[in-house]
Each structure stands twice: as C-alpha cells, then as structure tokens.
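Observations on chain architecture
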Amino acid sequence: MAAVKACKILITGANRGLGLEMVKQLSENSCPKHIFATCRDPDGPKSAALRELAKKHPNLITIIRLDADDPCSIKESAKKVGSLVGANGLNLLVNNAAIVANGTIQTSSVEDLKNTFNTNVIGPLLIIREYRPYLQIAAKASGTPGMSSKKAAIINISTVAASMTRMPPIYSHFQTLPYAVSKAGFNMLTVLAAEEVKTDEILCMALHPGWVKTDLGGRDATLEPNESVEGMLKVIGGLTEKQHGGFLDYTGATVTW
Ligand code: NDP
C-alpha cells in the first residue's frame, strides 16, 4: 500500500506504463484527495485504461491533456489544474513522461537526439516552471516547517542510464545514447530546480524506478510495474529535506550521479 500522504497530485504520462500504475495504486490509497492524471491524448485509444480507471473514481481522478512536447498544452494544463486545486495548491508533481531512443554516437539520428531532449528535458523544465506557483501555494498553506511530499514536492522519474558511473559498464547492452544523454540533462535540471525551489521549501529529487516491464523497459526487465511503483511510492512518502536534490532508486538506495 502506498505511503504517499499528499492531497493533490499530478502525474505526467499517466495513460500507460509506470504513470498509469502510479495512478492506480494511489487511487486505492485513501490519502490523495485528488489525482490529476495527465496524458497527451485523453480521448485516444492509448488512454482507454486510464479513462476506465477514472470512471471508477470520478471524484478522485481528473484526466488532463498535457503534451510535454507542446509548451501551449503545458500552459493550458497548468491553468486548468490551477483553477481546480484552489487555496491549498498542488502538493506533488511527478515528472514521469519520457521517450526512449536507441543509438550510439555513430548511429543516433539528429531527430532522435532532438526529440529526446524536447520530451525528457525541455518538457519537464516548462512543467516545473508552470506548476511552481501551485506548489508554492501548497508549501505555504501546509504551515509546517521542512520539506516533504505531503507538503510540496517535485519528483523527477530518472534512470541509472543517466548516471555517469552506472551507465558506461552497461552501455554495450543498452545502446540508448539519445535517451541517456537527455536523462543526464534531466538530472542536471533536477539539481538546478532543487536549488531554485529550496527557498519555497519545495522538495525536488530524482527517482530511478528500477528496470521495469513496460513498453519502455521491454519484456526482459526484472520488475513488474506494481513492484516498482509500490517501492517508489514508499520512497516518495518517506522523503524529507535530507533527500532534497538527491537521486534515489525505488528501494530508497542512493544512485550515484
Ligand atoms: P512507457 O513507455 O511505458 O510510458 C511512457 C509514458 O510517457 C506514456 O504515458 C507516454 O504517453 C508518455 N509520454 C511520452 N511522450 C510524451 C509527451 N510528449 N507528452 C506527454 N506524455 C508523453 O514508459 P515507462 O512507464 O517505463 O517510463 C516511465 C518513466 O520511467 C520514464 O521517465 C522513464 O524514463 C523512466 N524509467 C523507466 C524504466 C523502465 O525500465 N521501464 C527504467 C528507468 C527509468 P503516450 O502513450 O502518449 O506515448
């Protein structure tokens, strides 16, 4: 059972994979008062499972359109969520949406390099920018000192593929240079965002979900989505200012940058 106590939560890329599993587990938990499950095509076939879940929990889940590649949709989504969260703001923002692309220096296409950077770095940056006011409101409204995911937090779902020390030894098996380079940029974004939002007492950190059987992780992955998400929610629920600006995995272990 998830230990996340945040009242209002927003998750990107919530229509499948880990994002959908997160919404599912959080909706079984009595704590969240509202989950904004965002995806780029709420009415499309790839969002059928999310629509089904939202139908089961109409007072708990709101599906919002958010395409990380489209700055206008990010702005629009923030306006909408801002009007719905009210005086207590948004407690938890999970930057989960991402794309993967394979390749090496010799084989990566310029298009893949640009697309991964757009979706995995620029998108989350704009999302943090647009949603920060609602996180600030939540941090102020909490009336408690320190940092926690219950108060106000940004969780960036990262990967060991972005780690300068962990990726080189596995690179020959995971030749995903565009993805790894973009996620390393995402890690820097996490560290710099943590610097910027610390005065607001908004917690910001990177979280590796493990190697998980999703469309992105593939069939050979070692974890089921429910195991990974159970672990991540437990970690998120236990975060304090000690982990601000840090990089952990789904078990709570520190990942080296
Ligand atoms: P999936 O490929 O299963 O799901 C990716 C999600 O991101 C989908 O909901 C997809 O939506 C969404 N998405 C992609 N591009 C955009 C966009 N432009 N705007 C909005 N949403 C978008 O991946 P996972 O669930 O496995 O991955 C979730 C996170 O976990 C990612 O950040 C990934 O890097 C990280 N991760 C995963 C690992 C794994 O083994 N699975 C390992 C390490 C990290 P759509 O259906 O519209 O494409």
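Scroll up for the structure.
Summarised in this report is the structure supplied together with it. Every chain begins its residue count from 1, and numbering advances along the sequence as written. Per-residue local features are limited, in this predicted model, to residues with pLDDT of at least 70; the limit for side-chain atom pairs, both in listing and counting, is 80 or more; totals at the level of whole chains, interfaces and linings are taken over all residues. Excluding hydrogens and water, the side-chain values take into account all heavy atoms of the structure.

Turning our eyes to something else, we now look at the overall build of the protein chain. Broken down by element type, the protein chain carries seven helices and seven strands. Strands are runs of DSSP state E lasting at least two residues, helices are runs of H or I lasting at least four, and both sets are numbered from the N terminus onward. If you list the helices and strands of the protein chain from N to C, you get β-α-β-α-β-α-β-α-β-α-α-β-α-β. Expected size for 257 residues packed as a compact globule is a radius of gyration near 18 Å; at 17 Å, the protein chain falls within 12% of this value. Only protein chains enter the accessibility calculation, which uses a 1.4 Å probe; a residue is then buried when its area is under 20% of its type maximum, exposed when over 50%, and partly exposed in between. For the protein chain, the proportion of its 257 residues judged to be buried stands at 52%. Two residues form a contact once any of their heavy atoms are found within 4.5 Å. Relative to all contacts within the protein chain whose residues are 6 or more apart in sequence, the contacts with residues 24 or more apart total 74%. Entry remark: accessible area of the protein chain is about 12,000 Å², with carbon and sulfur atoms responsible for 55%. This radius of gyration counts C-alpha atoms alone. The globule rule is 2.2 Å times how many residues there are, raised to the power 0.38. Residue burial considers only the protein chains on display, and all accessible areas are found by Shrake-Rupley using a 1.4 Å probe.

Next up on the list: the packing of helix H1 (residues 17-27) against helix H7 (residues 225-237). It is the contact of H1 with H7, at a shortest axis distance of 9 Å, that shows an interaxial angle of 65 degrees. Judged by the sense of rotation from one axis to the other, the crossing of H1 with H7 is right-handed. Between H1 and H7, the contacting residues are Leu18, Glu21, Met22, Gln25 and Leu26 on the first element and Pro225, Asn226, Ser228, Val229, Glu230, Met232 and Leu233 on the second. Lys, Arg, Asp and Glu make up the charged group, whereas Ala, Val, Leu, Ile, Met, Phe, Trp, Tyr, Cys and Pro make up the nonpolar group; the residues left over, Gly among them, are polar. Classifying every residue of the contact of H1 with H7 gives seven nonpolar, three polar and two charged. Between N-to-C directions, angles cover 0 to 180 degrees, with each direction set by a line fitted to C-alpha atoms, over the stretch in contact for helices. The sense of a crossing depends on the near helix, which, turned anticlockwise from the far helix by less than a right angle, makes the crossing left-handed and, turned clockwise, makes it right-handed.

Near is defined per residue: the residue qualifies when any heavy atom it owns lies within 4 Å of the molecule or strand. Near the ligand there are 30 residues, and of these Asn15, Arg16, Tyr179, Val212 and Thr214 occur at the shortest range. Throughout this description, a polar contact denotes any pair of N or O atoms lying within 3.5 Å of each other; where both atoms belong to protein, one of them has to be capable of donating a hydrogen while the other can accept it, and for residues adjacent in sequence the pair is counted only when both atoms sit in side chains. Between an oxygen atom of the ligand and a side-chain N or O atom of Lys46, the distance comes to 3.3 Å. Side-chain polar atom of Tyr179 to an oxygen atom of the ligand: 2.6 Å apart, as the coordinates give it. Computed on the free molecule, the ligand has an accessible area of 890 Å², of which 97% lies beneath the protein chains in the complex.

What follows deals with the nonpolar core. One finds Ile11, Val23, Leu92, Ile155 and Leu207 to be the most contacted residues of the largest nonpolar core, which totals 36 residues. Those residues in contact with Ile155 that lie beyond four places of it in its chain are Leu92, Leu93, Val94, Asn95, Met205, Leu207, Ile236 and Leu239. Membership of the second largest hydrophobic core comes to 27 residues, among which are Leu10, Ala78, Val197 and Cys204. Residues grouped as a nonpolar core are buried Ala, Val, Leu, Ile, Met, Phe, Trp, Tyr and Cys residues, joined through side-chain atoms within 4.5 Å.

What follows covers helix H4 (residues 110-142). If you check H4, its first and last C-alpha atoms are 45 Å apart, about what 33 residues at 1.5 Å a residue would give, namely 48 Å. If you look at H4, its biggest bend is around 45 degrees, right at Arg132, and the proline Pro133 turns up within four residues after that. Gly143 sits one or two residues past H4 and shows a positive phi near 65 degrees. To estimate how far a helix should reach, multiply one less than its number of residues by 1.5 Å. Fitting axes to the seven residues that end at a residue and to the seven that start at it, the angle between those axes gives the bend at that residue.

This part is about the pairing of strand E2 (residues 34-39). Extensive coverage of E2 is indicated by the burial of six of its six residues. Burial along E2 is two-sided: the residues His34, Phe36 and Thr38 and Ile35, Ala37 and Cys39 are all buried. For strand E1 (residues 8-11) and E2, the ladder comprises four bridges, and the chain directions are parallel. Within E2, the position partnered with Lys8 by the bridge is His34. Here, a strand pair is defined by DSSP locating no fewer than two bridges between the strands.

This part covers the state of the cysteines. In this description, the term disulfide denotes a pair of cysteine sulfurs within 2.5 Å. Counted according to the given criterion, the structure contains zero disulfides. In this structure Cys39 is not part of a disulfide, and its nearest cysteine sulfur, from Cys72, lies 18 Å away. Residue classification places Cys72 among the exposed residues on the basis of a relative accessible area of 56%.

Before going further, it helps to spend a moment on the pattern of salt bridges. When their charged atoms lie close together, side chains carrying opposite charge are able to pair. Definition used for salt bridges: Asp or Glu carboxyl oxygen within 4 Å of a side-chain nitrogen of Lys or Arg. Counted by the stated rule, this structure contains nine salt bridges. Of the charged contacts in the structure, one is a salt bridge between Arg132 and Asp200, with a shortest N-O distance of 2.8 Å. With a gap of 68 residues between them, Arg132 in helix H4 and Asp200 in the loop between helix H6 (177-197) and strand E6 (203-208) connect regions that are remote in the sequence. Relative accessible area serves as the criterion here: at 18%, Asp200 is assigned to the buried category. Lys213 is the partner of Glu224 in a salt bridge, and the nearest nitrogen-oxygen pair spans 3.7 Å. A residue pair is termed long-range when its members are at least 10 positions apart, and Glu224 in the loop between E6 and H7 and Lys213 in the loop between E6 and H7 qualify at 11 residues.

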